[in-house]
Amino acid sequence: MQQDHSPATAADLDAQVAELIALSAPRQRIVAFTGAGISTESGIPDYRGPQGTWKRSTPLTAQAFRDDPDVRAGYWQRRRTGYHIMADAQPNAGHLALARLEAAGTLMAVVTQNIDGLHQKAGNRPDRVIELHGTTHELYCLTCGTRYAGAEVQSWLEEHPGIPVCSVCGGDIRPATVLFGESLAPDVWQAAMAAVEAADLLLVVGSSLVVSPASSLPRLARQRGIPFVIINNEATPLDGQATLVIHAGAGPVLSALADALIPIAG
Ligand code: NAD
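Residues numbered from 1 in each chain as written. Predicted model: local features only at pLDDT ≥ 70, side-chain atom pairs only at ≥ 80, totals over all residues. Heavy atoms only, no water.

(A) Main features of the overall build of the protein. Of regular secondary structure, the protein possesses nine helices and nine strands. Computed over C-alpha atoms, the radius of gyration of the protein comes to 19 Å, within 12% of the 18 Å expected from 2.2 N^0.38 for 266 residues, which places it in the range of a compact globule. Along the first, second and third principal axes, the C-alpha atoms of the protein reach 55 × 50 × 30 Å. The proportion of buried residues among the 266 residues of the protein is 46%. Partitioning the intrachain contacts of the protein with sequence separation of at least 6 by distance along the chain shows that 69% fall at a separation of at least 24. In the form shown here, the protein has an accessible surface area of approximately 12,800 Å², with 53% of it arising from carbon and sulfur atoms. (Helix = DSSP H or I, 4+ residues; strand = E, 2+ residues; numbered from the N terminus. Rg over C-alpha atoms; globule rule 2.2 N^0.38 Å. Buried < 20%, exposed > 50% of the residue type's maximum accessible area, 1.4 Å probe, protein only. Contact = heavy atoms within 4.5 Å. Areas by Shrake-Rupley, 256 points an atom, 1.4 Å probe, with all protein chains shown as cover.)

As structure tokens, this is what we get:
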């Protein structure tokens, strides 16, 4: 029978947060591993949660993007009308709590599956945010490699609805994200594994933990004897292996953690 970790009452949740604080307080090398769930409180839908976009549409695969002009046209059309959701989103209490923990010297790195750039916007140092799936805020030419900022391509799309091409060589451009069917960049994956191996606590936040190989990072922590905590709205396949599971919103739980760990100045 599956174990039920759901907090039955507010008192249970308070007790779980107290346990999280007690587990985190002596640690100085916490690493956060985040997924789409940390950004839903900023208005960006996740994929697989109850309101997830996969309830309405299918994921974009690398093969379809490469081979099917209709798929490419559909992508640029959706980007033209939808990029502002990513571009205008603001970090929420969860992102800000992680930035506060980093500034306090407690959080060593953020490994994220997200492509929204909200950890950096919250104040986490860019060189300490490992973006496993790239970023939607950059694009590049498939032929000559010229890179473009998201805002630049957005201006172009708004003036010329259609398929943008490289202004240097006329080649096709694409987002600097990892599409379904593509592998993660090996150096990025190595950096993520190294961060987890150097951690003394892994906070897994807002991920369904079904996307491989990202879901193997909590397993790696477990193999190395590093405790890991899952903070997620709903059950995940790794709940039974976690040191602590909190089924609740990321923002309130991470805020409570940062408030408890960071002494108030003055
Ligand atoms: P997912 O959609 O598979 O799972 C998100 C999980 O977070 C769900 O279990 C959901 O119940 C939970 N959740 C939702 N809101 C929450 C909240 N406020 N607090 C706590 N938990 C919450 O996401 P995933 O595991 O990251 O995998 C999806 C893939 O989708 C990733 O590869 C990612 O690149 C991509 N994605 C990214 C974004 C983004 O950049 N913001 C958005 C959608 C999808």
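(B) Seen up close, helix α8 (residues 216–223). Within α8, burial applies to Leu217, Pro218, Leu220 and Ala221. The buried residues of α8 all sit within an arc of 155° when viewed along its axis, so they share a single face. Each element contacted by the buried residues of α8 is listed here: β1 (30–34), β2 (107–112), α7 (186–198), β7 (201–205) and β8 (228–231). Positive phi shows up at Gly225, right after α8, with a value of about 75°. (Arc of directions from axis to C-beta.)

(C) Structural view of the site of the ligand. In the vicinity of the ligand, 28 residues are found, and the nearest of them are Arg48, Gln113, His133, Ser207 and Ser208. Glu41 has a polar side-chain atom sitting 2.8 Å from a nitrogen atom of the ligand. Broken down by class, the residue content of the shell around the ligand amounts to nine nonpolar, 14 polar and five charged. (Near = heavy atom within 4 Å. Polar contact = N/O pair within 3.5 Å; in protein donor to acceptor, adjacent residues only side chain to side chain. Nonpolar A, V, L, I, M, F, W, Y, C, P; charged D, E, K, R; others polar.)

(D) Up close: the sheet that holds strand β5 (residues 147–149). The strand order across the open sheet built from three strands is β5-β4-β6, with neighbouring strands paired in antiparallel fashion. The two strands at the open ends of the sheet, each matched to only one other strand, are β5 and β6 (173–177). Averaged over all pairs of adjacent strands, the angle between their axes in this sheet comes to 40°, without regard to strand direction. Here strand β4 (residues 134–141) pairs with β6 via five bridges, running antiparallel. Counterpart to Thr135 in the pairing with β6 is Ala176. Along the sheet, helix α3 (residues 69–88) makes contact with β4 and β6, crossing β4 at roughly 140°. On top of the sheet, helix α6 (residues 150–159) reaches β4, β5 and β6; it is set at about 75° to β5, its chief contact. (Pairing = 2+ DSSP bridges. Axes fitted to C-alpha atoms, helices over the stretch in contact; angles between N-to-C directions.)

(E) Representation of helix α9 (residues 250–261) within the structure. Here α9 spans 16 Å end to end across twelve residues, near enough to the 16 Å set by a 1.5 Å rise per residue. Every buried residue belonging to α9 is among Ala250, Gly251, Val253, Leu254, Ser255, Leu257 and Ala258, and all of these are buried. Residues of α9 that are buried sit in contact with α1 (10–24), α4 (93–103), β7, β8 and β9 (244–246). (Expected span 1.5 Å × (residues − 1).)

(F) Seen up close, the sheet that holds β2. Across the sheet, which stays open at both edges, the six strands sit in the order β3-β2-β1-β7-β8-β9 with parallel pairing between neighbours. Both outer strands of the open sheet, β3 (129–131) and β9, are each paired with one neighbouring strand and no more. Between one strand and the next, the sheet's axes are offset by a mean angle of 15°, whatever the strand orientation. Examined bridge by bridge, β7 and β8 share four bridges and lie parallel to one another. Note on β8: the bridge partner recorded for Leu202 is Phe228. Across the sheet, α9 touches β7, β8 and β9, and the angle it forms with β7 is around 155°.

(G) Quick look at the pairing of β2. Burial within β2 is extensive, with five of its six residues counted as buried. Relative to β2, β1 runs parallel, the two sharing five bridges. Among the inter-strand pairings, Thr34 is bridged to a residue of β2, identified as Thr112. Where β2 lies against β3, three bridges are found, and the strand directions are parallel. Counted as the bridge partner of Thr112 is Glu131 from β3.

(H) The arrangement of the packing of α7 against α8 in detail. Here α7 crosses α8 at 40°, and the two axes come no closer than 9 Å. Our pair here, α7 against α8, has a crossing hand that is right-handed. Judged by residue contacts, Trp189, Ala192, Met193, Val196 and Glu197 of α7 engage Ser216, Leu217, Leu220 and Ala221 from α8. Within the contact of α7 with α8, the residues separate by chemical class into seven nonpolar, one polar and one charged. (Left-handed = near helix turned anticlockwise from the far one by under 90°.)

(I) Here's a closer look at the pattern of salt bridges. Applying the stated criterion across every chain yields a total of six salt bridges. With a shortest N-O distance of 2.6 Å, Glu197 and Arg224 are connected by a salt bridge. With Glu197 in helix α7 and Arg224 in the loop between α8 and β8, this residue pair connects regions lying 27 residues apart in the sequence. Of the residues examined, Glu197 reaches a relative accessible area of 38% and is grouped as partly exposed. Arg224 sits in the partly exposed class, given a relative accessible area of 47%. (Salt bridge = Lys/Arg side-chain N within 4 Å of Asp/Glu carboxyl O.)

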